[in-house]
Amino acid sequence: MQELPLCLPEEKVLRGMEEFGIRATTTVYVPVGFGDHHWEAGDGDGRRWFVTVSDLEHKEHCGRGATAALDGLRRAMGTAVSLHEGGLDFVVAPLRSAGGDPVVALDDRYAMSVFPFVTGESGEFGQEMAAERRNQVLDMLAALHARTPPERTPRAVLDPAGRAGMEAALGELPGVWEGGPFAEPARELVAEHAALLRDRLVDFDRLADAVRARGARHVVTHGEPHPGNLLAREDGYRLVDWDTVGLAVPERDLSVVSGDPAALARYVEVTGRELDADALALYRLRWDLVDVAEFVAWFRGPHERTSDTETAWKGFTETVDRLGSG
C-alpha cells in the first residue's frame with residue numbers, strides 16, 4: 001500500500017518486532033504491493049528485515065471475520081515456514097516469534113510477520129516473462145506441488161471471496177452509493193456492466209462444476225506466483241507473499257503464469273501431468289471476479305481520495321474491461 005496504515009503508530013510496530021527478538025534502530029515504510037503494509041527495518045549491527053503488517057479489516061472485507069482472518073493468516077504463514085524448513089529454499093518464509101508463531105497480533109485490526117531481508121530483482125504484476133524464465137518458475141512450481149502438504153495447510157476456497165457482497169451490489173444499483181468520492185462512479189460502472197458481471201458469474205459456476213466433477217488431486221499452491229512476487233537472483237528465483245497459500249488443483253498457480261497451455265509445456269514435461277483447460281480458465285476468471293468484489297466492497301464502504309484509492313479505481317476499471325474482453 002502507498003499510504004501508512006490508519007491508527008498504527010510506529011511505537012506499536014517496534015513493539016511488534018520485539019516479539020521476534022528484534023530491536024530495530026531504523027524503520028522505513030516501503031510503499032509496495034497492494035493490500036498489506038511493509039517496512040524495511042535494521043539494527044546497529046547491519047542486520048535487515050522485511051516487516052509486513054496485514055490489515056485484518058481488509059481481509060474481513062474479503063469475506064472473513066477478523067478472528068477467522070487472523071487464523072487463516074497464521075495457517076498460511078505456518079505452511080510457508082514448514083515448506084522452507086522442509087528444504088524448499090525458494091520459499092521466503094517468515095521468522096518465528098519468541099512464542100513460535102510466525103504471526104503476531106498487534107491489536108484487534110493489525111497482525112505482523114517478519115521476514116529475512118532478501119535481495120533480488122522483482123518484476124511487476126502482469127509482466128510477460130521470457131520463455132527461459134517462465135520455465136524456471138514452472139520448475140519451481142512443480143517442486144512445490146510435489147510436496148506433501150504441511151499440517152494445517154489451509155484449503156483454498158474456490159468460490160470468489162466477496163461474491164455475496166458483489167451480488168448484493170448488483171441488486172442495489174437504482175439507489176445511491178455514499179461511501180466516498182468513488183462510490184457513485186463505482187455504482188455507475190457496475191450498472192453499465194451489470195449484465196456482463198452476471199454472465200461472468202454464470203461462466204464461473206459452469207467451469208467450477210466441470211472442474212469439481214473431475215476430482216483432480218489437490219496440491220499445495222502459492223496462489224499468486226506472478227512476477228511481482230518473484231525475486232530473481234543469481235542462484236534462481238525466490239517466491240514471496242505466501243498469505244494466499246492453499247490446497248487446490250495445480251492450475252490455480254499455473255493460470256497466473258499463463259493462460260496458454262502451450263506456454264506451460266515445461267510443467268507437463270517435468271510432472272507428467274496433463275493440464276485442464278477448464279481449470280486454467282476458471283482460475284483466471286476467478287482472479288478478476290475476486291478483484292471486482294473487493295473493489296466494490298471498498299468503494300461502497302467509507303473511503304477517501306488517496307493514492308491507494310486512485311490506484312484501486314484504475315485497477316477496477318481495467319479489471320472490468322478485461323472481463324468484457326473475455
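A brief look at the structure comes next.

Basis of the calculations
- Residues numbered from 1 in each chain as written.
- Predicted model: local features only at pLDDT ≥ 70, side-chain atom pairs only at ≥ 80, totals over all residues.
- Heavy atoms only, no water.
- Pairing = 2+ DSSP bridges.
- Helix = DSSP H or I, 4+ residues; strand = E, 2+ residues; numbered from the N terminus.
- Contact = heavy atoms within 4.5 Å.
- Axes fitted to C-alpha atoms, helices over the stretch in contact; angles between N-to-C directions.
- Salt bridge = Lys/Arg side-chain N within 4 Å of Asp/Glu carboxyl O.
- Buried < 20%, exposed > 50% of the residue type's maximum accessible area, 1.4 Å probe, protein only.
- Arc of directions from axis to C-beta.
- Expected span 1.5 Å × (residues − 1).

This part is about the sheet that holds strand β1 (residues 26–30). Taken in spatial order, the five strands make up an open sheet running β1-β2-β3-β5-β4, and their pairing is antiparallel. A single partner strand is all that each edge strand has here, and the edge strands are β1 and β4 (104–105). Across five bridges, the pairing between β1 and strand β2 (residues 36–42) is antiparallel. Bridged to T27 within β2 is A41. Running at roughly 55° to strand β5 (residues 110–116), helix α1 (residues 10–18) makes contact with β1, β2, β3 (48–55) and β5 of the sheet. Packing of helix α3 (residues 66–85) onto the sheet brings it into contact with β3, β4 and β5, and relative to β5 it is tilted by some 10°.

With that settled, the discussion passes to the pattern of salt bridges. This model, assessed by the stated rule, comprises 28 salt bridges. Taking the shortest distance from any N to any O, the salt bridge between R273 and E251 comes out at 2.7 Å. Of the two residues, R273 is situated in the loop between α9 (265–271) and α10 (277–300) and E251 in helix α8 (residues 251–257); the sequence distance between them amounts to 22 residues. R273 sits in the partly exposed class, given a relative accessible area of 23%. The class of E251 is buried, set by a relative accessible area of 1%.

The next thing to look at is helix α5 (residues 163–170). Of all the positions in α5, only R163, M166, A169 and L170 are classed as buried. Projected down its long axis, α5 shows its buried positions confined to an angular sector of 125°, all on one face. Looking at the packing, one finds that the buried side of α5 touches α6 (183–192), α7 (194–214) and α10.

Of all seven residues in β5, six are buried, a share of seventy percent or more. Both β3 and β5 contribute to a ladder of seven bridges, which runs antiparallel. The partner of V51 across the bridge, within β5, is V114. Alignment of β4 against β5, held across two bridges, turns out to be antiparallel. Looking at β5, one finds that V104 is bridged to M112.

Of note, E172 is situated in the loop between α5 and α6. Taking the relative accessible area as the measure of exposure, E172 reaches 39% and is therefore partly exposed. Sequence separation between E172 and R187 is 15 residues, and the spatial gap between their C-alpha atoms is 9.0 Å. The residues touching E172, leaving out its near neighbours within four places in the chain, are W177 and R300.

To continue, consider helix α4 (residues 131–145). Owing to its 3.6 residues per turn, the α-helix brings residues three or four apart onto one side. Given a rise of 1.5 Å per residue, 15 residues ought to cover 21 Å, and the 21 Å separating the end C-alpha atoms of α4 matches this to within 8%. If you check which residues of α4 are buried, you get R134, V137, L138, M140, L141, A142, L144 and H145. In this structure, the buried side of α4 is in contact with α3, β7 (219–221), β8 (230–233), β9 (236–239), α8 and α9.

All right, on to the sheet that holds β9 then. Pairing in this open sheet of three strands is antiparallel, and the strands run β6-β8-β9 from one edge to the other. Looking at strand neighbours, the two that pair on one side only are β6 (121–122) and β9, the edges of this open sheet. Sheet analysis places β8 next to β9, joined by four bridges and oriented antiparallel. Counterpart to L230 in the pairing with β9 is L239. Packing of α4 onto the sheet brings it into contact with β6, β8 and β9, and relative to β9 it is tilted by some 55°.

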